[in-house]
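One-letter residues, chain by chain:
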Amino acid sequence: MPVYQTVKEMTGALAAARRGGLSIGLVPTMGALHEGHASLIRAACAENDYVVVSVFVNPTQFAPAEDLSAYPRDLEKDRRLAEAIGARAVFAPSVEEMYPEGDSTWVEVGGRLTGLLCGRSRPTHFRGVTTVMTKFFNIIRPDRTYFGQKDGQQAQVMRRLLTDLFLPVELKILPIVREKDDLALSSRNIYLSEDERRAALVLSRSLKEARGRLENGERSRAAILDGLKNAVQSEPLAVLDYAEIYNFPDLGETGAELSGQVFIGLAVKFSRARLIDNIVVDLG
Ligand code: PAF
């Protein structure tokens, strides 16, 4: 399976696929593919004739002090995994290819959606994601694109972007894939020490506890948030970045009494990793 590194090669291959009447699926990634990405590629292969997996560690979505240079990279391993599932091409452009000399256009989803949750801790992050994704949508022109609910806010930002720019791409959002012990899969899990790997279970465990309390009739937003914050704060290796509750899927404000579908999101910092996780609970 080919790895295309230039826009010209990639669009040439796509033109041939389109002439053959093939539908096109895009699974955008930053590489270091794991079973979460595999589930996206599998869904894409089931629904499209020609699946492109993009592998690009996008510098514009990292702030200067973040992990851009440390971010894990293994293109050959990623290529083999994508191929084994049935993808037809990997698109792995260089930074210069995506942001050539003189590049000066940003695509930004404004308003409150990009200012809350991860947007509060990483104020320039989503602008980088929406800029690079607009480039990918224009290069690949996919019929469908696949995102994970693990980055639940990112998925809603994508919905906003596609809607607002009338981009004719169908957005598919797939469930979080977890390790046997419930840790959400993330390329950043490799930054955890052995002790932190154990401590990181505080994310899924406290979210499960919150779900349990809601299922038992608790409706107080403050009580659920206190439970989450206390759980994370009782874990010595973990530092709480945020615990938040919003309505789902629009991520609008909830009342003091929770109802309908709610999104509960957590971000927790360890020495080298900042991990996120979330659950959606339907309160009817
Ligand atoms: O979720 C990611 O891996 C990235 O944010 C994405 C969507 C590939 C854009 O760089």
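Scroll up a little and you will see the structure.
The notes below deal with the structure included here. All residue numbers refer to positions counted from 1 along the written sequence of the respective chain. At least 70 in pLDDT is required for a residue's local features to be given in this predicted model, at least 80 for side-chain atom pairs to be given and counted, and no such filter applies to totals for whole chains, interfaces and linings, which use all residues. To get the side-chain values, take all heavy atoms of the structure and skip hydrogens and water.

1. Section: the environment of alanine 231
Phase 1 of the analysis: Numbering goes from the N terminus for both helices and strands, where a helix is a DSSP run of H or I of at least four residues and a strand is a run of E of at least two. Here alanine 231 lies in helix H10 (residues 221–233).
Phase 2 of the analysis: Type-normalised accessible area, obtained with a 1.4 Å probe on protein chains alone, sets the label of each residue: buried when under 20%, exposed when over 50%, and partly exposed for intermediate values. Residue class for alanine 231 comes out buried when judged on its relative accessible area of 15%.
Phase 3 of the analysis: Sequence-wise, alanine 231 and threonine 124 are 107 residues apart; in three dimensions their C-alpha atoms are separated by 29 Å.
Phase 4 of the analysis: By definition, residues are in contact when any of their heavy atoms lie within 4.5 Å. Excluding residues within four positions of it along the chain, alanine 231 makes contact with Val202, Ser206 and Glu209.

2. Points about the site of the ligand
Phase 1 of the analysis: If a single non-hydrogen atom of a residue is within 4 Å of a molecule or strand, that residue counts as near it. In the vicinity of the ligand, the contacting residues are Pro28, Thr29, Met30, Asn58, Gln61, Val129, Val132, Phe147, Asp151 and Gln154.
Phase 2 of the analysis: One of the side-chain N or O atoms of glutamine 61 is found 2.6 Å from an oxygen atom in the ligand.
Phase 3 of the analysis: Burial of the ligand by the surrounding chains reaches 89%, relative to a free accessible area of 290 Å².
Phase 4 of the analysis: Mapped onto the shell around the ligand, the elements with two or more residues apiece are strand S2 (24–29) and helix H6 (125–140). Within 3.5 Å is the distance limit for a polar contact, defined as a pair of N or O atoms, with the added protein rule that one can donate a hydrogen and the other accept it, and that residues adjacent in sequence qualify only through two side-chain atoms. With residues, only the protein chains shown are counted as cover, and all accessible areas are computed by Shrake-Rupley using a 1.4 Å probe.

3. Side note on the side chain of serine 23
Phase 1 of the analysis: Along the polypeptide, serine 23 turns up in the loop between helix H1 (7–19) and S2.
Phase 2 of the analysis: The class for serine 23 is buried, based on a relative accessible area of 18%.
Phase 3 of the analysis: Once you skip the residues sitting within four places of it in the chain, serine 23 turns out to touch Glu47, Asn48, Asp49, Tyr50, Asp143 and Arg144.

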